[in-house]
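Residue strings, one per chain:
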Amino acid sequence: MSKLVIVPTPIGNLDDISARAIDALARCDIVLCEDTRVCSKLLNHLKMDKKMLLYRDDNEERQVPKIIDLIGEGNTVCLTSDAGTPAISDPGYRIVNACRRRKIPIESLPGACALITALAASGLPSNGFLFLGFLPNKTSARTNMFKKYIDFDYTLIFYESCHKILKFLKDLQSVIGATRVICVAREMTKIHEIFHVGEVGQIYDEIAATSVKGEYVIIVAPQRFKFNQCSLDL
Ligand code: SAM
């Protein structure tokens, strides 16, 4: 039976693709991708030659009816993105929603996701958390978001690009102060992977002193968390 398969791809290390993801890609008729060059790199690594269809932020709405028709005609379609789990700060939710409404079978494969990889390795409270993805670029809009969640009782997680990481940390510090514990996970699963864990002010200085190239996940501990007195009730 034709279906939509959600296929997470590696966030850096190509060997992080799962056996089920490889099997799904091998069996499917069409691979949805954000960028055919990025997708081809993975398919070449897996020695596969597949039909690709662009599915990106800027054509998502237009592509949904076409993809629904393709599945209706008997094609199994794999949804991928450039890196990590599709639909998580990436295109995907619209086609998944359209399939749900039409009762088209959906298979969701577990796999790489930057926020989960970072949180698990941070040493910060992980029982409850709020993922806010990318915040607005403007300082005023971004600091308003920080103000909204400054007293939130659980861990906060954000995504940010290398161009804006220092500005992000500066805005964060201006709202929550210099001593809140954070973790900044950079270039996970890649050669220059590094985790910075400590107080915001110290982490800002550490990152400012290095080359900021790469991709970042920022994790902010709740106010009452003290890194060296990790208590079980958090
Ligand atoms: N769908 C992806 C996922 O499952 O995590 C997220 C895609 S989003 C467009 C890209 C952002 O994820 C980057 O700007 C960065 O914040 C984070 N990210 C992706 N790969 C990363 C890595 N290897 N190390 C650190 N952060 C990463």
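Note that this is a predicted model, so its numbers are computed, not measured.

Caption draft 1: Structural context of the site of the ligand. Around the ligand, the surrounding shell holds 19 residues, and the nearest of these are Thr85, Ile88, Asp90, Tyr159 and Tyr216. In isolation the ligand exposes 580 Å². Once the protein is present, 91% of that is buried. The site holding the ligand turns out to be the largest pocket. When contributions to the shell around the ligand are tallied by element, the ones reaching two or more residues are β7 (155-161) and β10 (215-220). Here the shell around the ligand gets three residues from one element, more than from any other, and that element is β10.

Caption draft 2: Local environment of helix α8 (residues 200-208). Here α8 has its buried residues at Val200, Gly201, Ile203 and Ile207. The buried side chains of α8 occupy one side of the element, clustering within an arc of 165 degrees when seen end-on. In this structure, the buried residues of α8 make contact with α7 (165-176), β8 (181-186), β9 (194-199) and β10.

Caption draft 3: Expanded view of the sheet that holds β8. Spatially, the five strands line up as an open sheet ordered β6-β7-β10-β8-β9, and their pairing is mixed. Of all strands in the sheet, those bounded by a partner on one side alone are β6 (129-134) and β9. With strand direction ignored, the average angle separating the axes of adjacent strands in the sheet is 15 degrees. By the bridge criterion, five bridges tie β6 to β7 in an arrangement that is parallel. Paired with Phe131 across the strands is Ile157, a residue of β7. The sheet contacts of helix α5 (residues 114-122) involve β6, β7, β8, β9 and β10, and relative to β10 the element is tilted by about 55 degrees.

Conventions used here
Residues numbered from 1 in each chain as written. Predicted model: local features only at pLDDT ≥ 70, side-chain atom pairs only at ≥ 80, totals over all residues. Heavy atoms only, no water. Near = heavy atom within 4 Å. Areas by Shrake-Rupley, 256 points an atom, 1.4 Å probe, with all protein chains shown as cover. 1 Å grid on protein atoms, 1.4 Å probe; cavity = no way out; pocket = protein on both sides within 12 Å on 5 of 7 lines; lining within 4 Å. Sits in = over half its atoms within 2 Å of the grid points. Helix = DSSP H or I, 4+ residues; strand = E, 2+ residues; numbered from the N terminus. Buried < 20%, exposed > 50% of the residue type's maximum accessible area, 1.4 Å probe, protein only. Arc of directions from axis to C-beta. Contact = heavy atoms within 4.5 Å. Pairing = 2+ DSSP bridges. Axes fitted to C-alpha atoms, helices over the stretch in contact; angles between N-to-C directions.

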